[in-house]
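Remarks on the overall topology
As a plain string of letters, each chain reads:
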Amino acid sequence: MKMPTFNAIDVETANADRASICQIGIVQVRDGEIVDRWQSLIDPKDWFDELNVSIHGIDERKVKNSPTLPEVRDELRKRLRGSVLVSHSAFDRVAFERAMTRYGLEQLQVTWLDSAKIARRAWPDRFGRKGYSLNKVADALGIQFSHHDAAEDARAAAEIVLRACAETETDIDAWLRRVDRPIFPGTTPSAKREGNVDGALSGETLVFTGALTIARREAADMAAAAGCNVAENVSKKVTMLVVGTQDKTKLLGYDKSTKHRKAEALIAKGAEIEILSESDFLDLIAVAGS
């Protein structure tokens with residue numbers, strides 16, 4: 001097995017807007033060993049929510065005189081460009097995509113790899129269906145770290161990947177392929193979920209269409225945790241349709257998917273269905289969880 005070489009990254013944010021990055025931590029792994037780490041506070045030029053501050057302890061005073069994201073862009077490019085970049089869940093990837101867009105900067109030129117997806121497939125009996133948050137996986141594997149410190153979280157994600165590579169004898173290239181396949185081979189992935197009745201979005205019924213930047217099952221889990229019932233097809237009961245990237249080869253000459261067109265037809269007849277982009281959906285989930 002080829003020894004793992006990759007970078008791991010984590011960010012903290014000032015508020016529910018994922019573009020409000022206030023700390024970045026990066027760990028470099030070369031040939032299976034952690035060889036370097038870098039961390040910086042970031043001035044997000046944004047407000048700090050008390051909830052976020054209570055989690056990571058970073059506020060306006062701490063980021064005073066810290067660089068903005070554009071001011072560390074060259075450092076990020078030097079450290080990350082062309083590499084496999086590990087993050088635990090899609091949070092950090094989405095945060096960078098939003099922040100880069102906010103400043104009009106080129107997106108990170110990396111290959112993203114989700115350590116939560118790796119953990120769920122490396123140890124399906126333990127983390128396949130639940131308990132795959134960073135702190136829970138690290139605790140179960142005996143990895144000690146200071147949670148919600150960006151460099152420490154990045155190190156924990158890196159160590160989870162290293163442990164998974166070693167115990168399953170699977171290298172990074174193989175994991176890049178494996179994370180796109182079902183956790184439990186032979187099963188048909190389903191996005192259908194019952195929403196958390198105590199969630200902020202309880203009573204809503206949501207359907208996904210198109211390709212998302214995160215796994216459909218992961219998105220469904222997020223929606224259900226926030227209270228949404230998640231259905232597989234559009235009907236009169238649906239209140240939200242989340243539209244991802246459409247594969248034109250599957251649209252049979254249309255410019256929208258069958259689900260999208262059916263939702264628009266129901267809207268024309270008076271149905272109250274909100275059509276959201278993936279970015280809108282992630283913002284909604286963030287607000288619902290705050």
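That block above? That's the structure.
What counts as what
- Residues numbered from 1 in each chain as written.
- Predicted model: local features only at pLDDT ≥ 70, side-chain atom pairs only at ≥ 80, totals over all residues.
- Heavy atoms only, no water.
- Salt bridge = Lys/Arg side-chain N within 4 Å of Asp/Glu carboxyl O.
- Helix = DSSP H or I, 4+ residues; strand = E, 2+ residues; numbered from the N terminus.
- Buried < 20%, exposed > 50% of the residue type's maximum accessible area, 1.4 Å probe, protein only.
- 1 Å grid on protein atoms, 1.4 Å probe; cavity = no way out; pocket = protein on both sides within 12 Å on 5 of 7 lines; lining within 4 Å.
- Points joined across faces, edges and corners; volume = space filled by probe spheres on them.
- Nonpolar A, V, L, I, M, F, W, Y, C, P; charged D, E, K, R; others polar.
- Axes fitted to C-alpha atoms, helices over the stretch in contact; angles between N-to-C directions.
- Parallel < 35°, antiparallel > 145°, perpendicular 65-115°, else oblique.
- Left-handed = near helix turned anticlockwise from the far one by under 90°.
- Contact = heavy atoms within 4.5 Å.
- Pairing = 2+ DSSP bridges.

This structure, assessed with the given rule, holds 19 salt bridges. One salt bridge in this structure joins Arg79 and Asp36, with 2.9 Å as the shortest N-O distance. Highlighted residues: Arg79 in helix H3 (residues 69-80) and Asp36 in strand E3 (residues 33-41), separated in sequence by 43 residues. Residue class for Arg79 comes out partly exposed when judged on its relative accessible area of 25%.

Attention now moves to the layout of surface pockets. In this structure, the second largest pocket spans a volume of roughly 230 Å³. Every residue along the wall of the second largest pocket is listed here: Gly210, Ala211, Arg216, Thr245, Gln246, Asp247, Lys250, Leu251, Leu252, Ser257, Thr258 and Arg261. A class-by-class count of the residues in the lining of the second largest pocket yields three nonpolar, five polar and four charged.

Right, let's talk about the packing of helix H7 (residues 134-141) against helix H8 (residues 150-168) for a bit. Interaxial distance between H7 and H8 falls to 10 Å at its minimum, and their mutual angle equals 55°. One way to sum up the angle between H7 and H8 is to call them oblique. H7 and H8 meet at a crossing whose hand is left-handed. Residues Leu134, Val137, Ala138 and Leu141 of H7 pack against Asp153, Ala156, Ala157, Ile160 and Arg163 of H8. A per-class count over the contact of H7 with H8 returns seven nonpolar, no polar and two charged.

The next thing to look at is the packing of H3 against helix H4 (residues 91-103). Closest axis-to-axis distance for the H3/H4 pair is 11 Å, and the angle between their directions is 120°. On the basis of their axis angle, the class for H3 and H4 is oblique. The hand of the H3/H4 crossing is left-handed. Contacts between H3 and H4 pair Leu69, Pro70, Arg73 and Leu76 from the former with Phe96, Ala99, Met100 and Tyr103 from the latter. Each residue belonging to the contact of H3 with H4 can be placed in one class, and the counts come to seven nonpolar, no polar and one charged.

A few words on the sheet that holds strand E4 (residues 84-87). Taken together, five strands build an open sheet; the order of strands is E3-E2-E1-E4-E5 and the sheet is mixed. Each end of this open sheet is capped by a strand with a single partner; those strands are E3 and strand E5 (111-114). Averaged over all neighbouring strand pairs, the angle between strand axes comes to 25°, with direction disregarded. In the sheet, strand E2 (residues 21-30) pairs with E3 via eight bridges, with the strands oriented antiparallel.

To continue, consider empty space enclosed by the protein. Within this structure, the stated rule accounts for one cavity of 30 Å³ or more. Along the walls of the largest cavity sit Arg73, Leu76, Arg77, Leu80, Arg81, Leu108, Gln109 and Val110, which together make up its complete lining. Taken together, the residues that form the lining of the largest cavity break down as four nonpolar, one polar and three charged.

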